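Residue-level listing of the chains:
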Amino acid sequence: MSSVRQEGKDTIIFATKEDHAAPSTAELVEEDPNDPFEEGGLILPNGEINWNCPCLGGMASGPCGTEFKDAFSCFHYSKEEVKGSDCLEQFRSMQECMQRYPELYPQEDDKSPSETPKDSESTNALDENSTSASDQDSDTKQANTES
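Residues numbered from 1 in each chain as written. Predicted model: local features only at pLDDT ≥ 70, side-chain atom pairs only at ≥ 80, totals over all residues. Heavy atoms only, no water.

Novice: Before we move on, can you summarise the overall build of the protein with the specific residues and values?
Specialist: On a plain count of helices and strands, the protein comes out with four helices and two strands. Across the 147 residues that make up the protein, the buried fraction comes to 14%. Across the protein, contacts joining residues at least 24 apart in sequence account for 26% of those joining residues at least 6 apart. If you sum the accessible surface of the protein, you get close to 12200 Å²; carbon and sulfur atoms cover 52% of it. (Helix = DSSP H or I, 4+ residues; strand = E, 2+ residues; numbered from the N terminus. Buried < 20%, exposed > 50% of the residue type's maximum accessible area, 1.4 Å probe, protein only. Contact = heavy atoms within 4.5 Å. Areas by Shrake-Rupley, 256 points an atom, 1.4 Å probe, with all protein chains shown as cover.)

Novice: Break down the environment of Glu 7 for me, with residues and values.
Specialist: Looking at where Glu 7 falls in the secondary structure, it is placed in strand β1 (residues 3-7). On the accessibility criterion, Glu 7 (41% relative accessible area) is partly exposed. A polar side-chain atom of Glu 7 sits 2.9 Å from a polar atom in the side chain of Arg 5. (Polar contact = N/O pair within 3.5 Å; in protein donor to acceptor, adjacent residues only side chain to side chain.)

Novice: Hey, could you go over helix α3 (residues 88-99) for me, with residue numbers and the actual values?
Specialist: In this model α3 runs 16 Å from its N-terminal to its C-terminal C-alpha over 12 residues, within 8% of the 16 Å that 1.5 Å per residue would give. Turning to α3, its buried residues are Met 94, Cys 97 and Met 98. Taken around the axis of α3, the buried residues stretch over an arc of 100°, which confines them to a single face. α3 presents Leu 88 and Glu 89 as exposed residues on the side facing more than 90 degrees away from its buried surface. Looking at the buried residues of α3, the elements they touch are α2 (65-77). (Expected span 1.5 Å × (residues − 1). Arc of directions from axis to C-beta.)

Novice: So what's going on with the nonpolar core? Residues and values would help.
Specialist: Counting 11 residues, the largest nonpolar core is built from Ile 49, Leu 56, Ala 60, Cys 64, Phe 68, Ala 71, Phe 72, Met 94, Cys 97, Met 98 and Tyr 105. When contributions to this core are tallied by element, the ones reaching two or more residues are α2 and α3. In contact with Met 94, other than residues within four places in its own chain, are Glu 67, Phe 68 and Ala 71. (Core = buried A, V, L, I, M, F, W, Y, C linked by side-chain atoms within 4.5 Å.)

Novice: Please provide a residue-by-residue account of the side chain of Glu 67, values included.
Specialist: Mapped onto the fold, Glu 67 is located in helix α2. Arg 100 is the oppositely charged side chain nearest to the buried, salt-bridge-free Glu 67, at an N-O distance of 4.3 Å. In this structure, Glu 67 is in contact with Gln 90, Ser 93, Met 94, Cys 97 and Arg 100, ignoring residues within four places of it in sequence. (Lys, Arg positive; Asp, Glu negative; His and termini not counted. Salt bridge = Lys/Arg side-chain N within 4 Å of Asp/Glu carboxyl O.)

Below, the structure written as structure tokens:
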């Protein structure tokens, strides 16, 4: 016989071998596709945006959540030939909000992540070498014409 124990909000059930030997009598409840609390991806079956989708990474509930929702909704429901081209103002507003919170929404660097200061130095060294090599060529040509 199984035993049930309550610990705070959790219910702990210990099952015995006999409990597992008998077929389950549990009835599965069919999921409601319109249940707003059910994870259903970014776009719900009814076409609405699921703001609780983990794929949004909390953007809908952060300090710029309202601006994000406005911009994303505009884009999602846009009927323009170039989807979202009518949403520039909403995206600008969202960007301005995100710039007020750089610790939460860091900006990407202008430099590519593969370029490091060392790479820049070696590129400069190559430029200097190629310049001095071309200078040497012109010096050699001058010496040949003087003879």
